[in-house]
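Observations on the three-dimensional arrangement
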Amino acid sequence: MGAPLFLEPRLEPPLRELLDDPDHLHGLVDALGSPLHLLLPDVVAANVAAFRAVYRRHRLGGRICFAHKANGSSALVRRLAATEAGLDAASVNELSHALGSGFAPERVLATGPKDPAFLWLAARAGATVHVDAPAELADLVRLVRAEGLPRARVLLRLSAFASDGGVHLLARRSRFGTPVGAVGELLDLVEREADAVELLGVAYHLDTTDLNEKALALESCVRVLDEARRRGLAPRVVDIGGGFGTSYLADGAQWERYTTELTQAVLGRRPPLTWRGHGYGLRNEGGTARGRLSLYPAHRPVAGPGYLDALLSTPAPTLGRTLADLLLEHLHDLWIEPGRALVDQAGLSLARVVDVRATEDGAHLVRLAMTAADVSLEEHGVLTDPLLLPRAGHGNANSDANGNGDGAGAAVGVYLVGELCLEADLVTRRLVFLPRLPDRGDLVAFANTAGYCMDFRAHHAQLRPGARRVAVGRRDDGTRWWSLDEQYWPTTR
Ligand SMILES: Cc1ncc(COP(=O)(O)O)c(C=O)c1O
């Protein structure tokens, strides 16, 4: 099987302390069933404050809007409502949820392509509308007029930013937004329909970690706002979307080693690391590794608020000064829509071990009371080690809260599998190393799952009920409280 390879999760104190209390976690799963998602609402509030500190450092103002799509929890949204944060809603249900959780409409952004119901509620409530395309703007204008609504505040979502001047730096194509080259049509419409819509500014969201692409997009947005001001409009917001990222792993060297060894395994130069040779995007073509690793960069030296800081400190590609200075000079507000980064360290998923059996090649299958979709780390390409939390009396897992144990020699390689009657229901497609073989009734914990991994892929196949969610925290006197997610309000303690 080869030497064990670890990918220890990065654990900050609140999450680490929770994992250091296995009796509490076992008690929750005994009461509420497996799988179970735990949410830490106070961590989200702290994450908002960390982003705000970056704004202050650069003397910038503007809104920090949680991208709701990252997690459907009520507790997180209600806790955020009690902070200064805004919210990015990408569906009519997310919008209703935000409004019903205490977000005043002016704190809510309606993003993404909109169906008529979503557009209607956004316009009727007075949320800011991210306009995805000229046709959507025309629909909004008609709606405002037909219903006699106040002017709708809009941000124009742009895409396909390209540098000029011969340097071939092209941002990736996107299905969303209007290509920046066609922004004239949108500005014409906004000017013509000024009695129905107010141009607040422009926006983008790029699915990349590349600072240069983002710098190019941001600078292009400032130029578009210059053009809008020349036309007599008065926009003041640049919304740079989400994508600040999270660092999931404690140790960059483990990540480097893992990806190197994975390539070796794909090439057949070491024992397999994955179920039936799964290559995470890599394949062996005549002794050469081809393809692209389809994994989230799980160790990121710069992520979350640090990534925003780095972006704002980046020089604008053609205008020279830093992006922060560029925004400051123009008196623009900076809006952001972090999803994953705002729920960093704010969640944990638990599942009970129901069966353990050996495979013919010396590994073990550990069946969990969950499906792969209940914790879609694999689907999102996020590889971190689960932690084993033995039931009291099941022996010591020999493990600290990193799950790495003090006896790497004793570690066993297992595949975690789900309960669906599908060969493909693998909670991990890779061999994960646990400090010892689990027993039935032990818990396996997946740390830091609040960003997309709890509910983005969840389904009800085989009539399975969805995983329950509970909000957890500590009172000032150190005692723990918990509440069903739907029953949590910021007054809960
Ligand atoms: C428009 C928009 N804003 C924000 C986000 C959040 O991105 P992230 O979770 O990477 O911060 C997304 C993600 O898809 C998005 O589409």
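All values reported here derive from a predicted model rather than from experimental measurement.

With that out of the way, let us pick up the nonpolar core. Ranked by internal contacts, the top residues of the largest apolar core, which has 106 residues, are Leu 38, Leu 156, Ile 240 and Leu 308. A per-element tally of this core places helix α9 (residues 211-230) first, with nine residues. When residues are assigned to domains, this core turns out to be shared by domain 1 (13-40 + 345-473) and domain 2 (41-245 + 298-342), each giving three or more. Excluding residues within four positions of it along the chain, Leu 38 makes contact with Leu 18, Leu 25, Leu 28, Ala 346, Gly 347, Leu 348, Leu 350, Met 454, Val 470 and Val 472. Residues Tyr 258, Tyr 280, Ala 351 and Leu 434 belong to the second largest nonpolar core, which totals 31 residues.

Per the counting criterion, the structure on display carries 39 salt bridges. Among the salt bridges present, the one from Glu 193 reaches Arg 192, with a minimum N-O distance of 3.8 Å. With a closest N to O distance of 4.0 Å, Glu 419 and Arg 367 form a salt bridge. Placement of the pair is Glu 419 in the loop between β16 (412-417) and β17 (432-434) and Arg 367 in strand β14 (residues 364-368), with a sequence separation of 52 residues. Exposure remark for Glu 419: the relative accessible area of 29% places this residue in the partly exposed category. Note on Arg 367: relative accessible area 30%, which makes it partly exposed. Within this structure, Asp 355, Arg 357, Arg 367, Asp 374, Glu 419, Arg 440 and Arg 464 form a network of salt bridges that share partners.

All right, on to the pairing of β14 then. Two faces make up the sheet, and in a regular strand the side chains alternate between them. Here β14 shows a buried face lined by His 364, Val 366 and Leu 368 and an unburied face lined by Leu 365 and Arg 367. The hairpin turn running from strand β13 (residues 347-358) into β14, its antiparallel successor, is five residues long, and Gly 362 in that turn takes a positive phi close to 90 degrees. Note: β14 against β16, four bridges, orientation parallel. In the strand pairing of β16, Val 366 is matched with Leu 416.

Our next topic: the UniProt feature "active site" (unreviewed entry) in the protein chain. According to UniProt, the feature "active site" (unreviewed entry) maps to Cys 421 in the numbering used here. The exposure class assigned to Cys 421 is exposed, which follows from its relative accessible area of 68%.

Scanning the entire structure with this criterion turns up eight aromatic pairs. Look at Phe 161 and Tyr 204: their rings are 5.7 Å apart centre to centre, the planes differ by 75 degrees, and that puts the pair in the edge-to-face class. Of this pair, Phe 161 sits in the loop between β6 (152-159) and β7 (178-179) while Tyr 204 sits in the loop between β8 (197-203) and α9, and the two are 43 residues apart along the sequence. By the burial criterion, Phe 161 is buried, and Tyr 204 matches it. Judged by centre distance (5.1 Å) and plane angle (75 degrees), the rings of Trp 275 and Tyr 415 are edge-to-face.

The rules behind these values
- Residues numbered from 1 in each chain as written.
- Predicted model: local features only at pLDDT ≥ 70, side-chain atom pairs only at ≥ 80, totals over all residues.
- Heavy atoms only, no water.
- Core = buried A, V, L, I, M, F, W, Y, C linked by side-chain atoms within 4.5 Å.
- Buried < 20%, exposed > 50% of the residue type's maximum accessible area, 1.4 Å probe, protein only.
- Helix = DSSP H or I, 4+ residues; strand = E, 2+ residues; numbered from the N terminus.
- Domains from an automatic or database assignment.
- Contact = heavy atoms within 4.5 Å.
- Salt bridge = Lys/Arg side-chain N within 4 Å of Asp/Glu carboxyl O.
- Pairing = 2+ DSSP bridges.
- UniProt positions renumbered as here; feature names shortened; annotations may be inferred.
- Phe/Tyr/Trp six-rings, centres within 6.5 Å; stacked < 30°, edge-to-face > 60°.

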